[in-house]
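Per-entry structural report
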Amino acid sequence: MLAKRIIPCLDVRDGKVVKGVNFQGIKEVGDPVECAAEYDKQGADEIVFYDITASHEGRGVILDVVRETAKKVFVPLTVGGGIKTVDDIRNTLRAGADKVSVNSQAVQNPQLIKDGADIFGSQCICVGIDAKAIGTNKWTVYINGGRIDMGIDLIDWVKQIEQLGAGEICLNSIDTDGVRGGFDIPMLKAVVNAVKIPVIASGGAGKLGDFADAFLQTDCSAALAASLFHFKELTVGQVKDDCRSKGIIVR
Amino acid sequence: MIAIIDYGAGNIFSVKNALDHLGKESILTADKEVIASADAVILPGVGAFPWAMKKLTESGLVDTIKEQAKQKPFMGICLGMQLLFEKSFEFEECDGLGLIKGYVDRIPEDDLIIPHMGWNKLEYNHECKLFDGLGNDEFVYFVHSYKAFCDDDSLYAYSTYGSSVPAVVGDGRFVYGCQFHPEKSGKTGLKILENFTALSGR
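Residues numbered from 1 in each chain as written. Chains lettered and ligands numbered in written order. Predicted model: local features only at pLDDT ≥ 70, side-chain atom pairs only at ≥ 80, totals over all residues. Heavy atoms only, no water.

Moving on to the interface of chain B and chain A. Quoted interface sizes are often the accessible area lost when the parts come together. Counting from both sides, the interface comprises 27 residues of chain B and, opposite them, 27 residues of chain A. The contact between chain B and chain A buries some 2,100 Å² in all, and 61% of this surface belongs to carbon and sulfur atoms. Three residues, B:M117, B:W119 and B:K184, lead the burial of chain B against chain A; their summed loss comes to 33% of the area buried on that side. At the junction of chain B and chain A, the tally comes to 1 salt bridge. The interface formed by chain B and chain A includes 8 residue pairs in polar contact (both at pLDDT 80 or more). For the side of chain B that touches chain A, the elements supplying multiple residues, two or more each, are α1 (13-21), β8 (116-121), β10 (139-144), β12 (155-161) and α6 (186-199) of chain B. Looking at the side of chain B that touches chain A element by element, the count peaks at 6 residues for β8(B). Split by residue class, the side of chain B that touches chain A holds 13 nonpolar, 9 polar and 5 charged. (Contact = heavy atoms within 4.5 Å. Buried area = accessible area lost by both parts, 1.4 Å probe. Salt bridge = Lys/Arg side-chain N within 4 Å of Asp/Glu carboxyl O. Polar contact = N/O pair within 3.5 Å; in protein donor to acceptor, adjacent residues only side chain to side chain. Helix = DSSP H or I, 4+ residues; strand = E, 2+ residues; numbered from the N terminus. Nonpolar A, V, L, I, M, F, W, Y, C, P; charged D, E, K, R; others polar.)

Core analysis: the largest hydrophobic core is formed by 83 residues, its most contacted members being A:I47, A:F49, A:I113, A:I129, A:L154, A:I169 and A:F211. Formed by 34 residues, the second largest nonpolar core is a distinct cluster that contains B:L122, B:Y161, B:I192 and B:F196. (Core = buried A, V, L, I, M, F, W, Y, C linked by side-chain atoms within 4.5 Å. Buried < 20%, exposed > 50% of the residue type's maximum accessible area, 1.4 Å probe, protein only.)

Moving on, we come to helix α2 (residues 59-69) of chain A. All names here are of chain A. Buried within α2 we find R59, I62, L63, V65, V66 and T69. Mapping the buried residues of α2 onto a view down its axis gives an arc of 155 degrees, with all of them on the same face. In this fold, the buried residues of α2 make contact with β1 (5-13), α1 (32-42), β4 (47-51), β5 (77-80) and α3 (86-94). (Arc of directions from axis to C-beta.)

So, on to the packing of aromatic side chains. All names here are of chain A. If you walk through the whole model with that rule in mind, you get 10 aromatic pairs over all chains. Centroid distance F183 to F211: 5.5 Å. Interplanar angle 75 degrees. Geometry classified as edge-to-face. A residue pair is termed long-range when its members are at least 10 positions apart, and F183 in the loop between β10 (168-173) and α7 (185-194) and F211 in helix α8 (residues 209-217) qualify at 28 residues. With respect to burial, F183 and F211 carry one shared label: buried. (Phe/Tyr/Trp six-rings, centres within 6.5 Å; stacked < 30°, edge-to-face > 60°.)

With that out of the way, let us pick up the environment of B:P182. Residues and elements named next belong to chain B. Note on placement: P182 falls in the loop between β14 (175-178) and α6. Exposure remark for P182: the relative accessible area of 0% places this residue in the buried category. Linking P182 and V140, residues 42 residues apart in sequence, is a C-alpha distance of 7.0 Å. Leaving out residues up to four positions away in the same chain, P182 has contacts with I77, G189, L190 and L193.

Moving on, we come to the pairing of β1(A). All names here are of chain A. The buried count for β1 comes to 8 of 9 residues, which makes it a mostly enclosed element. Bridging between β1 and strand β12 (residues 222-225) involves 4 bridges; their strand directions are parallel. Bridging from a neighbouring strand, I7 pairs with L224 of β12. With 4 bridges connecting them, β1 and β4 associate as parallel partners. Bridging across to β4, L10 finds its partner in F49. (Pairing = 2+ DSSP bridges.)

Take a look at the structure:
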C-alpha cells in the first residue's frame, strides 16, 4: 500500500527561500539547497520549490537551484511557478526536477497540461489549483496567487484536467490558507471523490493533528505545508510520528 | 567505473548524481567499449518500452548488453528493469532483452490510481545482496503504469498495490532490476545502489 506523503514547500525568489506575510514584506530567509537537504533529513517524501521570481531574467536561477539540490537530495523534486510552455517544462525536468506544477498557466491554456503529459508523461505533470468557496459545497477556481476569480467551477475543472492527462492535483484552499485551522476537508473530499488521480492537500495546516485529520477524513494522497515547517514549529518527522500513531501508513 | 547507458531516455543525471554522492565513479555512455570495460552497468529509463527497445537497437547496444549482463553486475532501473524481460505489451507486443524470464503488461486493477506513484513498502521474497543493511520497514519510490509478470525465482522483493508488484528482480547471477527509482528513494535507495556497486568488488 502506498504511504501517505508529507511534502514541505519552499517559496523561492531569485534563488533564495523567501517568506512573506499577506504578500507584503517578503524577506529572504535561507538557501534553498540547504533547506531542501534539511527537509530530506527530516524525512520529507518530496520537496516542492515554488518559484515566485517575477522577472524573466531571474527564471534561470531556479534551474540552478534544482540542479544543485538534485546533487544532494535523493527524493522527488517538484518545481512550480512561472511554467508557461512545453519548453519551460522540458528545461525544468532536464535540470533535475521530477515533476512540474502548473497553475494559472494551465487555467489560461489547458492545452499545456495535455502537451506536457503527452510528451513527458502524466507522472511529471502536477496541476496546482487555488479555489475558494462560493456556497455550500461549491467552489470556483482563482488564478494569479488567488487574486483573480475565473468563475470556473472547481469540480468541472478537476475533471477536465484529469481528462487532459494531469498526473496529480495540488489543491490549495484560499479559505483555509494562512488561517492555520486545518486543511479544507469539505473541498478536499469533493475533489478526491471527483477524480482518480492523486490529490495533495494544501493550505491551512496549523498544528500537528491537521495532517492526520486530512488523511483520516479524506482519501487525499499527500499533504503540503510551507511556513509550519519553515519556521520549525513542526518537523516532518513529528508529523509522521503523529500519523503513524493514528494508524496511517507513512514512510 | 560504472557505465550508465545513455540511449536518450529520461532523467539519467539523477542516477549519476546518486553514484557521485556515494563516491562511486560513473560515466554516462552509449559507447560499446566503455560499457565493455566498466566494472558494472546500469540501464536506466523513463518512457515507453517499444521506443526504448528501438533506441537500443538503433544504437547497436542490444548485443553488448546481452554479453555484458552475463559477466558483470548489471542493473535495470524502472523501464530499464522492464527491458530485461522477454517481452512487453505496452502499446504493442514487443521483444525485450530476454535476460529474465517473464513479460511486462499493464497493472491490471482498473479501480486503482494509475500510475502507481509514490512510496511503497519493500516486501522481501528471496535473499539478495542488494538488501544488505536494510531493515524490515523500508519504503521506495515508484512511478509506473506497467509491471513485470515473472517466476517466483526471479522475484527478490515486491510491493503491494492491488496485487503484488515486482520491485526487485534478478536472474540469480549478475542481472538485477529495480522497478522503483533507487536514485529517488532516499537513504534506502542509496543503500541499494551502494550494495549494487559493491558487487563488482571495486
